[in-house]
Amino acid sequence: MERKLFTEWAMDIAEDSKIRSTCLSRQVGAVIIKDKQIIATGYNGAPVGAIHCTDIGYCERRHRGIPSGQGLELCRAGHAEANAIDQCARRGTSCLGATLYVTTQPCVFCCIHIIQAGIKKVIFKGEYPTGLGLELLQESGVEYLKYEDALEAERKEQNEKHALEMQRVRDFLNKPKNY
């Protein structure tokens, strides 16, 4: 039986989280994990108590013909990454040293939140039409990886660990039992 890679499992949770999105332009999900435990999830949508775009029936930015990544000040939705970080803040849970898995590359504003929250690693799918966010992550010492690269690195690490573990199993099986 092949065990699902941790990165794959975590991104699956981010993918499931985006189903709750109330954004009409793009559904995005995020999960923050610390010490192999989920500390928060997030998806893009209007702030608590505000009217959702899905209820209004249109996206203001699309309505005005504004391209993706521009005119964010007209968007009612908080981004998935920021919403997950805000969930931690509401509960008094520190993000320091955590890893964020997100279904699209974070925008510059989310990258700033990620840095300020103390998140140390970001794994993302897709690309966003700005490079400044990634540059800020790099300057601040936050590791970031595309999902496919993170999977490949984990696969390699798991294969090496598995070879060592199998030797440990063989040693165990060949050792006389005192019980």
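Only a predicted model underlies this, so the values are computations on that prediction, with no experimental measurement involved.

Counting along an α-helix, one turn takes 3.6 residues, and residues three or four places apart therefore face a common direction. Where helix 5 (residues 108-117) is concerned, the buried positions are Val108, Cys110, Cys111 and Ile114. Taken end-on, helix 5 shows its buried residues confined to a sector of 155°, consistent with a single buried face. Looking at the buried side of helix 5, the elements it contacts are helix 4 (80-91), strand 3 (99-102), strand 4 (121-124) and helix 6 (132-139).

Take the sheet that holds strand 3 next. Reading across the sheet, the five strands line up as 2-1-3-4-5 and stay open at both edges, with mixed pairing between neighbours. Looking at strand neighbours, the two that pair on one side only are strand 2 (37-43) and strand 5 (143-146), the edges of this open sheet. Adjacent strand axes in the sheet meet at a mean angle of 15°, parallel and antiparallel pairs treated alike. Across four bridges, strand 3 lies against strand 4 in parallel orientation. Paired with Val102 across the two strands is Phe124, which belongs to strand 4. Sitting on the sheet, helix 7 (residues 147-174) is in contact with strand 4 and strand 5, with an inclination near 95° to strand 5.

Tallying each qualifying case throughout the model produces one cavity of 30 Å³ or more. When its volume is computed, the largest cavity comes out at roughly 50 Å³. Here the lining of the largest cavity is composed, by residue class, of seven nonpolar, no polar and three charged.

The next thing to look at is the packing of helix 1 (residues 6-17) against helix 7. Between helix 1 and helix 7, whose axes approach to 8 Å, the crossing angle comes to 150°. On the side of helix 1, the interface is formed by Phe6, Thr7, Glu8 and Met11, while helix 7 contributes Tyr147, Ala150, Leu151 and Glu154. For the contact of helix 1 with helix 7, the class distribution of residues is five nonpolar, one polar and two charged.

This paragraph deals with the pattern of salt bridges. The full count for this structure, using the stated rule, is eight salt bridges. Here Glu15 and Lys125 are joined by a salt bridge, their closest N and O atoms 2.9 Å apart. One end of the pair, Glu15, is in helix 1; the other, Lys125, is in the loop between strand 4 and helix 6, and 110 residues separate them in sequence. The salt bridge partner of Lys161 is Glu157, with a shortest N-O separation of 3.2 Å. Placement of the pair is Lys161 and Glu157 together in helix 7, with a separation of four residues, close to one helical turn. For Glu157, a relative accessible area of 41% corresponds to the partly exposed category.

Moving on to the nonpolar core. Core analysis: the biggest nonpolar cluster contains 21 residues, and Ile32, Leu100, Val102, Ile114, Ile119, Val122 and Leu137 have the highest contact counts within it. Of all the secondary-structure elements, those providing two or more residues to this core are strand 1 (29-34), strand 2, helix 4, strand 3, helix 5, strand 4 and helix 6. In terms of residue count, the dominant contributor to this core is helix 4 (four residues). Contact partners of Ile114, with chain neighbours within four places excluded, come to Ile85, Leu100, Pro106, Ile119, Val122, Leu137 and Val142. Judged by nonpolar contacts, the second largest core, of 13 residues, contains Ala10, Ile13, Ile33 and Tyr101.

For the rest of this paragraph, the subject is the environment of Leu100. You can see Leu100 is positioned in strand 3. Looking at Leu100, the relative accessible area reads 0%, which means it is buried. Spatially, the C-alpha atom of Leu100 lies 22 Å from that of Ser68, the residues being 32 residues apart in sequence. In this structure, Leu100 is in contact with Ala30, Val31, Ile32, Glu81, Ile114, Ile119, Lys121, Val122 and Ile123, ignoring residues within four places of it in sequence.

Criteria and thresholds
- Residues numbered from 1 in each chain as written.
- Predicted model: local features only at pLDDT ≥ 70, side-chain atom pairs only at ≥ 80, totals over all residues.
- Heavy atoms only, no water.
- Buried < 20%, exposed > 50% of the residue type's maximum accessible area, 1.4 Å probe, protein only.
- Helix = DSSP H or I, 4+ residues; strand = E, 2+ residues; numbered from the N terminus.
- Arc of directions from axis to C-beta.
- Contact = heavy atoms within 4.5 Å.
- Pairing = 2+ DSSP bridges.
- Axes fitted to C-alpha atoms, helices over the stretch in contact; angles between N-to-C directions.
- 1 Å grid on protein atoms, 1.4 Å probe; cavity = no way out; pocket = protein on both sides within 12 Å on 5 of 7 lines; lining within 4 Å.
- Points joined across faces, edges and corners; volume = space filled by probe spheres on them.
- Nonpolar A, V, L, I, M, F, W, Y, C, P; charged D, E, K, R; others polar.
- Salt bridge = Lys/Arg side-chain N within 4 Å of Asp/Glu carboxyl O.
- Core = buried A, V, L, I, M, F, W, Y, C linked by side-chain atoms within 4.5 Å.

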